[in-house]
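# Structural overview for review
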Amino acid sequence: MDCKVLVLGAGGLGCEILKNLTMMRVKEVHIVDMDTIELTNLNRQFLFRDEDINSPKATTAAQYINDRPSLSSRTKVIPYVQDLTNFPTEFFQQFQFIISGLDAIEPRRFVNKVLLQLTKESNYDICIPFIDGGTEGLKGHVKTIIPGFTACWECSLNTLPTQQNTYPMCTVANNPRTLEHIIEYVISVQTSADMDLEDEGQVDTLFQLCKERANQFNIDTKKLNVSYMLGIIKKIVPSVSCTNAMIAASCCNQMMKIYYDLMDFEKDGNFTMINGADGCFTYTFAYDRDPHCAVCSGI
Amino acid sequence: MDRYDRQLRLWGKEGQSLLDNANICVVGDESPLLQEVWKNLVLSGVSKFTWMIENTMESSLQEKDLFSCDFITEISALHPSGIRVKRKALASLKGADNSFWFQFSLIIIINCSDSKLLELFNNSDSQYFPPIITTFATGLYGYLHTYLSEPHFIIESHPDNPIPELRLDQPWKELSIYLTKFQVDKMNEFEISELPYPVLLFHCVQMAARNNYKLTSPLLRNELRRWASDTNPTGLNDPNYIEAYRFAHLAFTNEKILIRLNEMIQYGFSMDHLDDPYNRKVIALLKALGEYINREDFPIYPIMGTIPDMSSSTKNYIELKQIYQNEGQKNTKSLQKLLDKEGEEVPFEMIKLFCANLKYLNVIKPTASKLTLLFSSDDDLLRDLLAIQYNLNDIANSGAINMKAASMNSYPTASFMGGVVGQEAIKLITHQYIPLDNIFTYDGLKNETKIFRI
Ligand SMILES: [Zn+2]
């Protein structure tokens, strides 16, 4: 496919998207991610090996393709290890498609805004489809945003799962009943904000504090271990290769349909949800534009 | 942290250990779909495979179709200790007996083009097969079929919002003593605000009972509001009162659960000799459960033994939680005693899980006894896909497939179907989450999927 695609994120979805784009023979792919590889990535981020731990994700993923002649002959991959919100608007202009596999909210809002501005300022001359994939456990979604035509990312902001794990302070401080309450207290009251969760010693101190406080309130510590504690502190979301594969593939099929003019932006669904926990349920619908959207109203 | 941390959060150590020990039979030549399925299985932790291929000679496939030309070596690197693949000629399948099939947790048949192969799995002499997944992808379309020769039971179905079980209308002795201990009428506002909501609900249920007044959940809500407005109006905004009002229906035992469980038990009795060891354990559990339910004057099943977090003082909550937990443990032990008679060795951990998830016990019933029944489906997309896959002329093109979409690059679709197959394989192997029953079709053009049963 004679086009240039920007992939946001080289994690679970990013690896899948990059692989699919290569197999679709997309001429050039740019991939941006500022994270480094960790052991817990390796159950799904299949372009990485144990010896790649601590290397930047974007360059390692790009290298996987660029090092193999059978793959590099189809697709040229250019990595960026940096915060994508530092790119100037002109950077985004060179792409025909942008596909996101990010889980953070702000960078996606940023890209969405930039793309809508480009469409507006160019008077529809520039219209870069933005395809956004996300997963959580056995669930996932794909949003297809055609700036100026479909709902934008901002329009559907309220479909994001509400940030849970916020407990009333009086519960956490005075009436803790669960390990979550205990951990929340230790993190927000008993430790300093600049603590390093990668440091084993500091994590252990934290763990001991949690254990002490749980015992003090007679809370069952059977489930409490370091991985459980970190899961709550870092708000770790479960992730598995199968769901990532399904969502990334849906993103790439969306791109292919736009490229080959098989999509009707006005009629076709632009929002798909998948849930594989009970059977394999998918739901595709047209998400309407929000007439009062702060980003896309008036475009 | 563990390499598998992110998936252990979905299916736990037990599920992971079943994957670690799984042995999967993959049938089919090299193709993007086969490679994608295999990749997902290895990433999830499966390392033992038997690969049935048309001929065990070198692959005939061009490297242009595959993500990597030597994909077995590449995917082997995705497992911390590498994978083991036994290659076998397809022809050796003929005449394979039960003992051959028993070694596998699952059979996956990928992009098969010879319908004769499917006849091998037609279950004429009630032969045992592990679950069989057949799958095919072309253009923007694909399907998957799960074929079961035995029922598939799920103890841990992981519902999104599990509903707690309070039994305030049928309290056991310890619960009743504990809940009556609070003299709610003599408490001040602050003390009431520290009570977990079941105490408030129980208080209202008891008041109604004293007036010979049988409550339903709307009536209980009225009763609760009346009581609170009369005696403790400032408490109407307390979180425990709001929870009590919201969850009033939980005071009553849901009769539907007992009906469902009785159906399950009957189904268990109707399944006489099953070969799958997991199934035999579940059948024994179901038989013991039948006895458990019917031994008392009024039928009752083991309680889950957990309550969710609720607004309350730490002390009250922990005490209440302990009472449910104790009863759960007691019920589990009673079930274990009844189980001894069944003559089937069931690990205590499994009995515990069974009791803790009883309300959500699920089963996928076995499919028709012929794998080739697939061809009798009247679903247009499935029929068209089968016609393409097996080169059948007797099935007319129904128009379910758009020719342009059918000729497009199929790699992402293969990857999508590989994800679904991997997910279903994991669910079948771990006996967690509910597998799809039993046909799944994917239409990438419309972004639609469909599930129906043959
Ligand atoms: Zn908008």
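It should be emphasised that the depicted structure is a prediction, and the values quoted were computed from it without experimental measurement.

What chain B contains, in helices and strands, is 17 helices and 10 strands. Its C-alpha atoms put chain B at 85 × 50 × 45 Å along the principal axes. Going through the 454 residues of chain B one by one, you find that 58% of them count as buried. In chain B, the share of contacts with a sequence separation of at least 24, taken over all contacts with a separation of at least 6, comes to 75%. Here chain B has roughly 19800 Å² of accessible surface; of this, 50% comes from carbon and sulfur atoms. Here chain B holds 45 positive side-chain charges and 56 negative ones, and the gap between their average locations is 4 Å.

Many authors give the size of an interface as the accessible area that is lost as the parts come together. Across the contact, 64 residues belong to chain B and 65 residues belong to chain A. When residues of chain B are sorted by the area they lose upon contact with chain A, Arg-3, Arg-6 and Phe-67 of chain B head the list and together hold 16% of the total. Taken together, the links from chain B to chain A amount to seven salt bridges. Of the charged contacts in the structure, one is a salt bridge between Glu-16 of chain A and Lys-39 of chain B, with a shortest N-O distance of 2.5 Å. Counting every contact that joins chain B to chain A gives 32 residue pairs in polar contact (both at pLDDT 80 or more). Of all the secondary structure elements, the ones that give two or more residues to the side of chain B that touches chain A are α1 (5–20), α2 (32–44), α13 (314–339), α16 (403–406), α17 (411–430), β9 (439–443) and β10 (448–452) of chain B. The element best represented in the side of chain B that touches chain A is α17 of chain B, accounting for 12 residues.

Here we come to the sheet that holds strand β2 (residues 48–53) of chain B. Residues and elements named next belong to chain B. Here we have eight strands laid out as an open sheet, ordered β3-β2-β1-β4-β5-β6-β9-β10, and mixed in their pairing. Two strands close off the open sheet at either side, each with one partner strand: β3 (84–89) and β10. Between one strand and the next, the sheet's axes are offset by a mean angle of 15°, whatever the strand orientation. Two elements, strand β5 (residues 132–138) and strand β6 (residues 141–147), share seven bridges in a ladder whose sense is antiparallel. When the sheet's bridge partners are listed, Phe-136 is paired in β6 with Tyr-143.

Binding of the zinc ion to the protein goes through Cys-152 of chain A (SG), Cys-155 of chain A (SG), Cys-293 of chain A (SG) and Cys-296 of chain A (SG), at separations of 2.2 to 2.3 Å. Given four donor atoms and angles of 96 to 120° at the metal, the environment of the zinc ion is assigned as tetrahedral.

Below, the discussion takes up the domain arrangement of chain A. Each assigned domain of chain A is listed here: domain 1 (4–162 + 240–285) and domain 2 (169–233). When each unit is reduced to the centre of its C-alpha atoms, the spacing between domain 1 of chain A and domain 2 of chain A is 35 Å.

This part is about a negative patch on the surface. Together, Asp-196, Asp-199, Glu-200 and Asp-204 of chain A make up a region of like negative charge exposed at the surface. By secondary structure assignment, the location of Asp-199 of chain A is in the loop between α7 (179–190) and α8 (200–216).

The next thing to look at is a nonpolar patch on the surface. Among the surface-exposed residues, Met-273, Phe-281 and Tyr-283 of chain A lie close enough to one another that they form a single nonpolar patch of about 300 Å² accessible area. Take Met-273 of chain A: it is sitting in strand β7 (residues 271–275).

Let's shift gears to the state of the cysteines. Applying the stated criterion across every chain yields a total of zero disulfides over all chains. This cysteine, Cys-3 of chain A, is not joined by any disulfide, and Cys-252 of chain A carries the nearest cysteine sulfur, 11 Å off.

On to the pairing of strand β1 (residues 4–8) of chain A. All names here are of chain A. Burial within β1 is extensive, with four of its five residues counted as buried. With five bridges connecting them, β1 and strand β2 (residues 28–32) associate as parallel partners. By the bridge assignment for β2, Leu-6 is matched with His-30.

What follows deals with the nonpolar core. Ranked by internal contacts, the top residues of the largest apolar core, which has 131 residues, are Leu-21 and Met-255 of chain A together with Trp-38, Ile-108 and Ile-109 of chain B. Leu-195, Leu-201, Leu-250 and Ile-303 of chain B belong to the second-largest nonpolar core, a separate cluster that totals 55 residues.

Moving on, we get to the sheet that holds β2 of chain A. Residues and elements named next belong to chain A. As summarised here, the arrangement of the eight strands in space is β3-β2-β1-β4-β5-β6-β7-β8, forming an open sheet in which the pairing is mixed. Of all strands in the sheet, those with a lone pairing partner are β3 (76–80) and β8 (281–285), marking the two edges. In this sheet, neighbouring strand axes are inclined to one another by 15° on average, regardless of whether the strands run parallel or antiparallel. Sheet analysis places strand β6 (residues 139–145) next to β7, joined by five bridges and oriented antiparallel. Along β7, the bridge assignment pairs His-141 with Met-273.

Turning our eyes to something else, we now look at the UniProt feature "active site" (unreviewed entry) in chain A. In this numbering, the UniProt entry assigns the feature "active site" (unreviewed entry) to Cys-170 of chain A. What makes Cys-170 of chain A partly exposed here is its relative accessible area of 47%.

Here we come to the pattern of salt bridges. For the structure shown, the criterion picks out 31 salt bridges over all chains. Ionic pairing is found between Glu-174 of chain B and Lys-330 of chain B, a salt bridge with its closest N-O pair at 3.9 Å. Here Glu-174 of chain B, found in helix α6 (residues 173–181), pairs with Lys-330 of chain B, found in helix α13; they are 156 residues apart in sequence, far enough to count as distant. A residue is classified by how much of its surface remains accessible, and Glu-174 of chain B, at 37% relative accessible area, is partly exposed. Judged by relative accessible area, Lys-330 of chain B falls into the partly exposed class, the value being 45%. Connected through shared salt-bridge partners, Glu-16 and Lys-19 of chain A together with Glu-36 and Lys-39 of chain B make up one network.

This brings us to empty space enclosed by the protein. Evaluation of the coordinates by the stated rule reveals five cavities of 30 Å³ or more. If you add up the space inside the largest cavity, you get close to 130 Å³. Forming the boundary of the largest cavity are 14 residues, of which Phe-46 and Tyr-64 of chain A together with Lys-39, Phe-67 and Ile-75 of chain B lie nearest the centre. Among the secondary structure elements, those contributing two or more residues to the lining of the largest cavity are α2 and α3 (71–76) of chain B. Along the lines of polarity and charge, the residues of the lining of the largest cavity split into seven nonpolar, two polar and five charged.

Right, let's talk about the environment of Phe-182 of chain B for a bit. All names here are of chain B. Tracing the backbone through its elements, the reader meets Phe-182 in the loop between α6 and α7 (189–193). Assessed through its relative accessible area of 10%, Phe-182 is described here as buried. For the pair Phe-182 and Gly-343, spaced 161 residues apart in the sequence, the C-alpha separation amounts to 45 Å. Apart from the residues within four sequence positions on either side, Phe-182 is in contact with Met-187, Leu-195, Val-199 and Asn-316.

Basis of the calculations
- Residues numbered from 1 in each chain as written.
- Chains lettered and ligands numbered in written order.
- Predicted model: local features only at pLDDT ≥ 70, side-chain atom pairs only at ≥ 80, totals over all residues.
- Heavy atoms only, no water.
- Helix = DSSP H or I, 4+ residues; strand = E, 2+ residues; numbered from the N terminus.
- Buried < 20%, exposed > 50% of the residue type's maximum accessible area, 1.4 Å probe, protein only.
- Contact = heavy atoms within 4.5 Å.
- Areas by Shrake-Rupley, 256 points an atom, 1.4 Å probe, with all protein chains shown as cover.
- Lys, Arg positive; Asp, Glu negative; His and termini not counted.
- Charge placed at Lys NZ, Arg CZ, Asp CG, Glu CD.
- Buried area = accessible area lost by both parts, 1.4 Å probe.
- Salt bridge = Lys/Arg side-chain N within 4 Å of Asp/Glu carboxyl O.
- Polar contact = N/O pair within 3.5 Å; in protein donor to acceptor, adjacent residues only side chain to side chain.
- Pairing = 2+ DSSP bridges.
- Axes fitted to C-alpha atoms, helices over the stretch in contact; angles between N-to-C directions.
- Donors = N, O, S within 2.8 Å, 3.2 Å for Na, K, Ca; no water.
- Tetrahedral: all angles 85-135°; square planar, octahedral: opposite > 155°, others 65-115°.
- Domains from an automatic or database assignment.
- Patch = residues over 30% accessible without salt bridge, like charges linked within 9 Å, V, L, I, M, F, W, Y side chains within 5 Å.
- Disulfide = S-S within 2.5 Å.
- Core = buried A, V, L, I, M, F, W, Y, C linked by side-chain atoms within 4.5 Å.
- UniProt positions renumbered as here; feature names shortened; annotations may be inferred.
- 1 Å grid on protein atoms, 1.4 Å probe; cavity = no way out; pocket = protein on both sides within 12 Å on 5 of 7 lines; lining within 4 Å.
- Points joined across faces, edges and corners; volume = space filled by probe spheres on them.
- Nonpolar A, V, L, I, M, F, W, Y, C, P; charged D, E, K, R; others polar.

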